[in-house]
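Structural overview
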Amino acid sequence: MKEKEHNAASNRTPSSGIDPDRLDALVNSAKSGDITAFSELYGLYGKKILNYIFRLTGSREEAEDLMQDTFVLAFKNLDSLKENVKFQSWLFRIAQNSVFQKYRGKMPQIESIDVHDSGESGGVIELPASSKGPEDTVLSAELEKIVQKAINELPEKYRQVFVLSALQRLSYQEISEIVGRSLASVKSDIHRARVEVRDKIKEYLGDDYGMSNLY
Amino acid sequence: MTMECRIYTESLTALMDGELPPDDTKTIRAHLLVCRSCDAEYRSLLFSYNLVGNIQLIDSQPAAWTVIENRIRTAREKRGFLRRLLFPNIWVPVGALGTLVLVAASVFWFIPSQNKSDTQAMQQILRSYIQERNREFGDGAVRVVNYNPFRDNNRRPKGNPFKTE
């Protein structure tokens with residue numbers, strides 16, 4: 001079990017996963033108008049931002065548009081970033097604000113996908129049979145739908161912290177900075193969100209939940 | 001589930017995320033070794049955590065950066081055009097500002113100096129008037145007398161014009 005725990009924890013990237021000096025240099029160059037440096041920053045964070053917005057909105061097209069808006073806005077307002085090392089949190093905050101602005105302060109209501117209709121096994125989802133370890137685990141399309149549905153059904157404030165912690169693997173400190181809530185509140189919300197998602201996945205998977213060969 | 005278990009359960013997610021202080025981590029791990037229900041809860045949360053963590057990430061469109069770059073360049077050109085339109089040369093606004101400062105300074109300098117010259121002119125009039133008045137005494141000496149230069153000597157005498165003698 002310890003190995004699995006270690007794996008779970010090691011996937012987490014407490015910071016941006018880049019050398020702070022390098023990040024500082026890149027942000028400084030971008031601040032002085034160097035688009036090449038900014039393109040490197042895009043290379044580092046573009047996918048993260050895209051996936052964050054995608055999980056919040058549930059629409060790939062919207063996510064692409066809002067991701068582009070986020071980076072254009074970030075470049076224009078780079079001067080307002082005081083601490084270069086906090087570039088990632090700052091960028092996530094811009095992305096979040098773009099989503100809020102688009103949906104007028106309210107998180108989008110994502111249409112749920114009825115997983116029971118798509119399955120052929122009478123409501124029970126068949127799990128992938130062969131899995132050697134967490135790295136090798138490949139989720140079936142249906143299983144991914146289950147997880148996405150569970151995320152979609154989360155209340156707004158839980159969805160936000162859940163995506164940032166479980167999918168983006170950001171540190172609690174960074175999440176607190178992004179969502180603008182206290183560390184204690186974030187910690188508590190993350191726990192509640194995880195329990196809710198777990199319960200929903202458990203509900204869909206039935207007896208298959210917790211099969212040891214899955215992870 | 002004991003009270004202790006409830007407290008620990010709240011921290012299981014933080015334990016999984018490596019967000020607990022070392023002492024708390026040790027305490028909860030020790031508890032998990034002896035408490036079956038907490039251990040089961042932990043495993044259950046860890047299972048869903050791993051499932052969620054394995055969701056495939058989507059990739060952005062290959063042309064996404066080109067679009068962003070174009071938008072940045074266009075915005076920059078627009079801003080440059082506006083700046084050139086409003087301020088064709090940096091020395092123009094600087095010169096305008098300098099001129100403004102000079103005008104303001106000269107206005108403030110001129111107003112008190114004009115007041116001063118007015119006062120001097122009034123003093124000169126008074127002095128010449130006194131000299132003129134003193135000359136009337138015949139000795140030509142300049143005397144300082146308590147004299148009201150504004151007094152009207154040709155004023156008609158006070159009295160009741162209707163009074164009969």
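Details of the structure are given in the entry above.
Notes on the structure follow. (Residues numbered from 1 in each chain as written. Chains lettered and ligands numbered in written order. Predicted model: local features only at pLDDT ≥ 70, side-chain atom pairs only at ≥ 80, totals over all residues. Heavy atoms only, no water.)

Per the secondary structure count, chain B includes six helices and zero strands. Helices and strands in chain B line up, N terminus first, as α-α-α-α-α-α. Going through the 165 residues of chain B one by one, you find that 22% of them count as buried. Sequence-distant contacts in chain B: of pairs separated by 6 or more residues, those separated by 24 or more amount to 34%. With an accessible surface of roughly 13000 Å², chain B has 59% of that area assigned to carbon and sulfur atoms. (Helix = DSSP H or I, 4+ residues; strand = E, 2+ residues; numbered from the N terminus. Buried < 20%, exposed > 50% of the residue type's maximum accessible area, 1.4 Å probe, protein only. Contact = heavy atoms within 4.5 Å. Areas by Shrake-Rupley, 256 points an atom, 1.4 Å probe, with all protein chains shown as cover.)

Okay, the interface of chain B and chain A next. Many analyses report the size of an interface as the accessible area lost when the parts associate. Listed by partner, the interface residues are 42 residues for chain B and 53 residues for chain A. Summed over both partners, the interface of chain B with chain A buries about 4700 Å², with 63% contributed by carbon and sulfur atoms. When the area that chain B buries against chain A is broken down by residue, the three leading residues are Phe47(B), Tyr49(B) and Ile58(B), summing to 16%. Linking chain B with chain A are four salt bridges. (Buried area = accessible area lost by both parts, 1.4 Å probe. Salt bridge = Lys/Arg side-chain N within 4 Å of Asp/Glu carboxyl O.)

To continue, consider helix 4 (residues 60-76) of chain A. Residues and elements named next belong to chain A. Over its 17 residues, helix 4 runs 24 Å from end to end, which matches the ideal 24 Å to within 8%, given 1.5 Å per residue. Where helix 4 is concerned, the buried positions are Ala63, Glu64, Leu66, Met67, Gln68, Thr70, Phe71, Val72, Ala74 and Phe75. Between the side-chain oxygen at the start of helix 4 and the backbone nitrogen of Glu61 there is a gap of 3.5 Å, and the oxygen is on Ser59. (Expected span 1.5 Å × (residues − 1). Polar contact = N/O pair within 3.5 Å; in protein donor to acceptor, adjacent residues only side chain to side chain.)

So, on to a nonpolar patch on the surface. Residue and element names in this part refer to chain B. On the surface, Val103, Val107, Trp109, Phe110 and Ile111 cluster together into a nonpolar patch covering about 530 Å² of accessible area. Residue position: Trp109 is located in helix 6 (residues 91-135). Under the relative-accessibility criterion, Trp109 is labelled exposed at 62%. (Patch = residues over 30% accessible without salt bridge, like charges linked within 9 Å, V, L, I, M, F, W, Y side chains within 5 Å.)

To continue, consider the pattern of salt bridges. Scanning the model with the defined rule gives 16 salt bridges over all chains in all. With a closest N to O distance of 2.9 Å, Arg194(A) and Asp17(B) form a salt bridge. Here the residue Arg194(A) occupies a position in helix 10 (residues 183-205), and Asp17(B) occupies one in the loop between helix 2 (12-16) and helix 3 (22-34), the pair thus bridging two chains. There is no split in this pair, since Arg194(A) and Asp17(B) are both buried. One network of salt bridges, with partners in common, ties together Glu83(A), Lys86(A) and Glu177(A).

Below, the discussion takes up the packing of helix 7 (residues 141-152) of chain A against helix 10 of chain A. Residues and elements named next belong to chain A. One can describe the packing of helix 7 onto helix 10 by two numbers: an axis separation of 9 Å at closest approach and a directional angle of 140°. Taken together, the axis directions place helix 7 and helix 10 in an arrangement best described as oblique. Where helix 7 crosses over helix 10, the two elements pack in a sense that is right-handed. The residues of helix 10 that touch helix 7, namely those facing Leu143, Ile146, Val147, Lys149 and Ala150, are Val197, Lys200, Ile201, Tyr204 and Leu205. When the residues that make up the contact of helix 7 with helix 10 are grouped by side-chain class, the tally is eight nonpolar, no polar and two charged. (Axes fitted to C-alpha atoms, helices over the stretch in contact; angles between N-to-C directions. Parallel < 35°, antiparallel > 145°, perpendicular 65-115°, else oblique. Left-handed = near helix turned anticlockwise from the far one by under 90°. Nonpolar A, V, L, I, M, F, W, Y, C, P; charged D, E, K, R; others polar.)

Here we take up the packing of aromatic side chains. Residue and element names in this part refer to chain A. Taken as a whole and judged by the stated rule, the model has eight aromatic pairs over all chains. Centroid distance Tyr45 to Phe87: 5.5 Å. Interplanar angle 55°. Geometry classified as tilted. Remark: Phe87 occurs in helix 5 (residues 87-102) and Tyr45 occurs in helix 3 (residues 35-57); sequence separation between them is 42 residues. Of the two residues, Tyr45 and Phe87, both sit in the buried class. Relative to Trp90, the ring of Phe87 lies with its centre 5.9 Å away and its plane at 40°, an arrangement referred to as tilted. One end of the pair is Phe87 and the other is Trp90, both in helix 5 and three residues apart, which spans about a single turn. Using a relative accessible area of 0% as the deciding quantity, one classes Phe87 as buried. (Phe/Tyr/Trp six-rings, centres within 6.5 Å; stacked < 30°, edge-to-face > 60°.)

Let us look at helix 8 (residues 156-167) of chain A. In this model, helix 8 of chain A (twelve residues) spans 16 Å end to end at C-alpha, consistent with the 16 Å of a helix rising 1.5 Å per residue. Taking burial as the measure, the twelve residues of helix 8 of chain A include ten buried ones, the bulk of the element. Turning to helix 8 of chain A, its buried residues number three or more, namely Tyr158(A), Arg159(A), Gln160(A), Val161(A), Phe162(A), Val163(A), Leu164(A), Ser165(A), Ala166(A) and Leu167(A). Where helix 8 of chain A is buried, its residues meet helix 3, helix 5, helix 7, helix 9 (172-179) and helix 10 of chain A together with helix 4 (36-53) of chain B. Positive phi shows up at Arg169(A), right after helix 8 of chain A, with a value of about 55°.

So far we have only geometry, and geometry alone does not tell us how the molecule works.
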